[in-house]
Structures are given as structure tokens and as C-alpha cells.
Amino acid sequence: MPSIGESRDAPRHSIPVVDLFGFEKNSADTERVVRDVRSALRDVGFMYVTNIGPLTHSHVGEMIDLSRAFFARDENYKKQFGDSYGNMDVKTGKRKRALWTHWGYSSFGEERFEANKIDQKEVFDTAKDLLDPLYDLPSYPDEFQLKWNEFTQFHRLCHETTHVLYRAISLSLGLPASALAGKFQWDRDAGGEELRFLKYPQIPGDVLNESAGTDQSGLVRAGMHTDYGSVTLLFQQDVGGLEVYHHPSSTWINVPPPPQDTPRPWIVVNTCDLIEHWTRGLYCSTAHRVRMPRTAEENKERFSIAYFAHANDDVTLEAVGGEEVAKRMWDGKLAGLPGHHSWNEGTAHVEDPSKVTAIEWLCRRMGKTRTWKYSSDA
Ligand SMILES: [Fe+2]
């Protein structure tokens, strides 16, 4: 299996590239894909995938252009669309009304993954249920409304892409291809899934210096974290900075920008907390970050789009079947399992995974990373 990128320290590790060409079309390619997915997710938890689903470079480019246009607007305009997570009751994980939300604009520092480090990013979050005409839609920014069909189509295609991945992941666990498909059904509740647009601005010259790396500075483009859902798709163009923590070697692996001249886009895929639970730690929720630029040459605006696949609200963290998952030791916590990221306090506190639902899990994690607090009175 080819791979690109490498850790900055020996021993060197890299991000595997999984080519889904021929997957489920012929047995040789299907077997290769399943083997490569398994190896990538066991060893790194991150992979590039290509030749998957209908998404094209043009789809991605159009959404990056939309994102550029929105983030170029002034702060007052963007803040009209401020984030409003507060409709969820954090104690019960229940939505207080159908239109809960994980929606809207967040400015610098509103989401923090590391104590005392301020994320240098702006985001705009969108969620599936807020595209549903049955609900009273919030007013989306002009840039989204102008490209409404393209935007909603992109969202839906991301969802379809994750289901191709679910099939490959299920097969890699020795399960029927459809085993994970039922965990997130588009026609049910939103289940915490989200399409996020991100901008990391250029850093002012007086701030940019060699010490502005993530390890020393109080600034970071995105602090170290794991993702909360099932799998994440990340679309990025030609500006790098993403790094993945390789737990067995305690090194950071650089994730270079993907080539742009391929027939289909390369998508960065990582497995997240829910899959870590469902597989009892066999496939880890791997920590990652976006480091600060280290040189003037690296100091460019970075735009990316993340699709966070999740699970329907009532899906639990209970392990999926499969011989290898069943064999894994389980004491009710992930801590202590090989590859577990012990710094991630969120995953260390699940007494009975069969009693914790996906939406409760989402509340636990988000309650720790927002600068404001959830309120059951919101
Ligand atoms: Fe992430």
C-alpha cells in the first residue's frame, strides 16, 4: 500500500493511501481494499482514500470558493450567524426542540482543544436537519443561499461517501458489509452529523517565528484532539499543517496536502470516538492537530472542509460483533487497551457502553471544548 508524509522524528511513519478503485466490483480489488483499510485503521487511524463515491475536484473546489467568500465578509456580518448549540439539554442529551443545533459561525478561540491554547480558526457549522424544509430554517448566509443546490448536494454526497467507507470498514472487521449502515440513517434524526467549513488565517508577521509551533506557543491553528463521531472526511487543498499522533512511536506524522492532479480527489479519513468504542479500541480515535506555520513560506491562509459522520441519537457505544472485536479485553473503559490515547479523558469514563448513546457522547465531548458552557435552561 503506498503512503505519503512522514513523521518528523525517527522511526518514520506515514499516512497510508487506500485506492477504492474496483471496490465491490471485483473480488481481487475488494480484498485489497479491505486489507488496506484494516491495516491503515489499526496502525494509524488515518488514511487518504481516493476513487470513492461521486465527489469530484469540482465539487470540492466549489465549496472551498463558497467558504472563501463567506469568511471574507466582515466580523459583524458573520456574527449574525453565531453558533447556538444551547438548545440541547446536556444532562439528558435530548433536544429541547426539533431544531437543536450545531449550526453557525464560531470565531477565534470559541472552540478550544488544549488548555491555554487559542485555536486560530473560524468555522461555520451546518447540520443535516437544518436543511430539512420541514423545519423552520435559520437564515443561512448569502454565500450559502446563492449556492444552495450545490451546498446541499455536497452535504448529501459526503454522507453517501461515508456509507461506502462503512461497508469497507465492516468487511475489514469480518462483518457483513451492511453491519454499520444502520447506525446512521439520513432519513432519521440528525445524529450529530455535521458539515464544517474552516478558515485558518495567515498569522501576523510579528507573531510568526520559529517558536510559534504548537508545542511552545499559546496559539495553535487547531489544538490536539480526537473527533467525536464515527468517521471524518477532510477536504483540503494545497496548504498543509495537519499532523497525526502516532501513539505506538509517540511521534507526529505530517499529513501533506494531497495531489490536485488526480482523477478524483484524495480525501483524508480518520476513525473517531464512536468507532473506537464500537471496535473496543481495535480502530483508534487518533489524535491530530493543525500546527502553526513555521516559516513565512508556510504562512498562508488554509481552508478546509470537514464532514463529521456520527450516528443516530439512540445508537449506543456497544461493541459491534466480529471475532477480533469480541476477543478484546473489555473492562468498561478504553484505557489500557493497546493504542488507546490515554490523554483523552472523554473516552476514559464509560462504565457501560451499552447504556451510553451517541448523542450523550456528543454532549460529553462538546461540553469540554467550547469556551461557553451548556445550560439546561438554554
Ligand atoms: Fe478533528
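Thresholds applied
Residues numbered from 1 in each chain as written. Predicted model: local features only at pLDDT ≥ 70, side-chain atom pairs only at ≥ 80, totals over all residues. Helix = DSSP H or I, 4+ residues; strand = E, 2+ residues; numbered from the N terminus. Contact = placed C-beta atoms within 7 Å. pLDDT = per-residue confidence, 0-100. Pairing = 2+ DSSP bridges. Axes fitted to C-alpha atoms, helices over the stretch in contact; angles between N-to-C directions. Core = buried A, V, L, I, M, F, W, Y, C linked by C-beta atoms within 7 Å. Buried ≥ 20, exposed ≤ 12 C-beta atoms within 10 Å, placed from the backbone. Parallel < 35°, antiparallel > 145°, perpendicular 65-115°, else oblique. Nonpolar A, V, L, I, M, F, W, Y, C, P; charged D, E, K, R; others polar. Left-handed = near helix turned anticlockwise from the far one by under 90°.

- Per an unreviewed UniProt entry, the protein is named Clavaminate synthase-like protein, and its organism is Gonapodya prolifera.

**Re the overall build of the protein**
Next up, step 1: When helices and strands are counted, the protein shows eight helices and 15 strands.
Next up, step 2: Counted over contacts in the protein with a minimum sequence separation of 6, partners at least 24 positions apart contribute 75%.

**Description of the confidence of the model for the protein**
Next up, step 1: Averaged over every residue, the pLDDT of the protein is 80; the share at 70 or more is 78%.
Next up, step 2: Between the elements of the protein, mean pLDDT differs from a low of 66, seen in strand S1 (residues 3-4), to a high of 97, seen in helix H2 (residues 57-71).
Next up, step 3: This model gives residues 6-11 a pLDDT under 50, and the stretch forms 16 contacts once residues within four places in sequence are excluded.
Next up, step 4: Taken as a whole, residues 95-100 scores under 50 in pLDDT and shows 13 contacts with residues more than four places along the chain or in a different chain.

**Here we look at the sheet that holds strand S12 (residues 251-254)**
Next up, step 1: Taken together, the four strands give an open sheet; going across it, the order is S9-S14-S11-S12, and neighbouring strands pair in antiparallel fashion. Of all the strands in the sheet, the pair left with one neighbour each is strand S9 (222-225) and S12. Geometrically, the sheet is characterised by an average inter-axis angle of 20° between neighbouring strands, direction not taken into account.
Next up, step 2: As defined by bridge partners, strand S11 (residues 242-246) adjoins strand S14 (residues 288-290) across three bridges and the pair is classed as antiparallel. Bridging across to S14, Leu-242 finds its partner in Val-290.

**A closer look at the nonpolar core**
For soluble globular proteins, nonpolar side chains are generally found buried alongside one another.
Next up, step 1: Counting 82 residues, the largest nonpolar core has Met-47 and Ile-267 as the members making the most contacts within it.
Next up, step 2: In terms of residue count, the dominant contributor to this core is helix H5 (residues 148-172) (eight residues).
Next up, step 3: Ignoring any residue separated from it by four or fewer positions in sequence, one finds Met-47 in contact with Ile-15, Pro-16, Val-18, Ala-40 and Val-269.

**As for the packing of helix H1 (residues 27-43) against H5**
Next up, step 1: One way to put it is that H1 packs onto H5 with a least axis distance of 8 Å and a crossing angle of 80°. As summarised for this structure, H1 and H5 are arranged roughly perpendicular, according to the angle between their axes. Within the contact between the two elements, H1 uses Val-33, Val-34, Val-37 and Arg-38 and H5 uses Ala-168, Ile-169, Leu-171 and Ser-172.
Next up, step 2: Considering only residue class, the contact of H1 with H5 consists of six nonpolar, one polar and one charged.

**Considerations on the packing of H2 against H5**
Next up, step 1: Here H2 crosses H5 at 125°, and the two axes come no closer than 10 Å. As summarised for this structure, H2 and H5 are arranged oblique, according to the angle between their axes. Our pair here, H2 against H5, has a crossing hand that is left-handed. Residue-level inspection shows His-59, Glu-62, Met-63 and Leu-66 of H2 in contact with H5, the latter providing Glu-150, Phe-151, Phe-154 and Leu-157.

**Some points on helix H8 (residues 358-366)**
Next up, step 1: Across the nine residues of H8, seven count as buried, placing the element largely inside the fold.
Next up, step 2: All of the buried residues in H8 are Ala-358, Ile-359, Glu-360, Trp-361, Leu-362, Cys-363 and Arg-365.

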